[in-house]
Amino acid sequence: MTRTTHSAPARERPVEPARAGWKDAQADEESTTGAVADLYRDGITARRGAFDAAWVDRVAEDIDVAFHEALSREGGAVGRGPNRYYVEMHPEQMRGFVDLVTHPWVTAVCEAVLGPRYEIVELGFDVPLAGAVNQPWHRDFPMPEETRAHRRLTSLAFNLTAVDTESDMGPFEIAPGTQWDDSPSFEHGMFPPRDTWSRHAGRAVRKYPRRGDISARSALTIHRGTTNHSVRPRPVLVLGVDAPGAGNAAHHDMAVTRGYWESLPPQVRDHLPCPVVDELRPIVQKHTIEGLVMGEA
């Protein structure tokens, strides 16, 4: 079987100016190549201690504000199972957005996997509250034809935990290598049939990230949130990035105001294809299929 591989350019990457929150900002060719290999083999990779815990705590504060605002209005949050929610947000709702999307490891992985013209298309967060239960095994959207035909990943989901994950908090569980699984029996192209769940459970790995860690995964890799036995929520930030033409931006409503757009460095504007507006409007969530299949929140 021939596998298409993608690696970081051989040229030396320019030194990035340090930004607030960066703790480990090294992104050499070896580490980037290793991350790409992880993604094509396992469907997930990670950078431990990329950000300061104090910076993550500010992100957690912004998530908390956005979460309660979303719960206060119809369509502001979508249920992804009992006591589990997903909320999309605008970049301006997160004080550390520029720090996140310009981190050298994040940009190096995006370039290596998705190409130099990658597009930031989604910013949001998952919140499993106390009482959240095991989700059905799933991927986040149907497999694109380019992945099916050419085994090329055309999108990445970066996850940044807002808390130190403990074993009783419903940790994220992923089945390595299943980003290539393809069958017409997947419901909505996303949910493998129940009689295959034992296969996913048998190879599943639970993740216990700490504040400051960031991961990148193919959203096609079969995964689930598990039961939160604690009394604490486990919010996780989600940054979605596409290769040009992947099309996931059509499923999201991220926007920026003109003043915010003008304040962004060119490095960010070059990868942010969202609308520039005079006034932000609250986002109405679109993940109706997941809410339907995973049950009412």
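Scroll up a little and you will see the structure.
About the thresholds
Residues numbered from 1 in each chain as written. Predicted model: local features only at pLDDT ≥ 70, side-chain atom pairs only at ≥ 80, totals over all residues. Heavy atoms only, no water. Helix = DSSP H or I, 4+ residues; strand = E, 2+ residues; numbered from the N terminus. Buried < 20%, exposed > 50% of the residue type's maximum accessible area, 1.4 Å probe, protein only. Contact = heavy atoms within 4.5 Å. Areas by Shrake-Rupley, 256 points an atom, 1.4 Å probe, with all protein chains shown as cover. Pairing = 2+ DSSP bridges. Axes fitted to C-alpha atoms, helices over the stretch in contact; angles between N-to-C directions.

Student: Explain the overall build of the protein to me, using residue names and the numbers behind them.
Tutor: Each helix and strand in the protein was counted, giving 9 helices and 12 strands. Burial analysis of the protein (297 residues in total) assigns 52% to the buried set. Of all intrachain contacts in the protein linking residues separated by at least 6 positions in sequence, the fraction that spans at least 24 positions is 87%. For the protein, the computed accessible surface area is about 13,200 Å², with 51% contributed by carbon and sulfur atoms.

Student: Can you tell me about the sheet that holds strand S9 (residues 223–225), naming the residues and giving the values?
Tutor: One open sheet accounts for 3 strands, arranged S7-S6-S9; its pairing is antiparallel. Two strands bound the open sheet, and with one partner strand each, they are strand S7 (205–206) and S9. In terms of strand pairing, strand S6 (residues 172–174) meets S7 through 2 bridges, oriented antiparallel. Along S7, the bridge assignment pairs Ile-174 with Val-205.

Student: Explain the sheet that holds strand S1 (residues 44–47) to me, and be specific about the residues and the numbers.
Tutor: Hydrogen bonds between backbone atoms are what pair the strands of a sheet, whose relative direction is either parallel or antiparallel. Read from one edge to the other, the open sheet built from 7 strands follows the order S1-S8-S5-S10-S4-S3-S2, with strand pairing classed as antiparallel. Edge strands, defined here as strands with exactly one partner in the open sheet, are S1 and strand S2 (78–79). As defined by bridge partners, S1 adjoins strand S8 (residues 214–217) across 4 bridges and the pair is classed as antiparallel. Across the sheet, the residue bridging to Ala-46 is Ser-215, located in S8. Across the sheet, helix H1 (residues 29–41) touches S1, strand S5 (155–161) and S8, and the angle it forms with S1 is around 150°.

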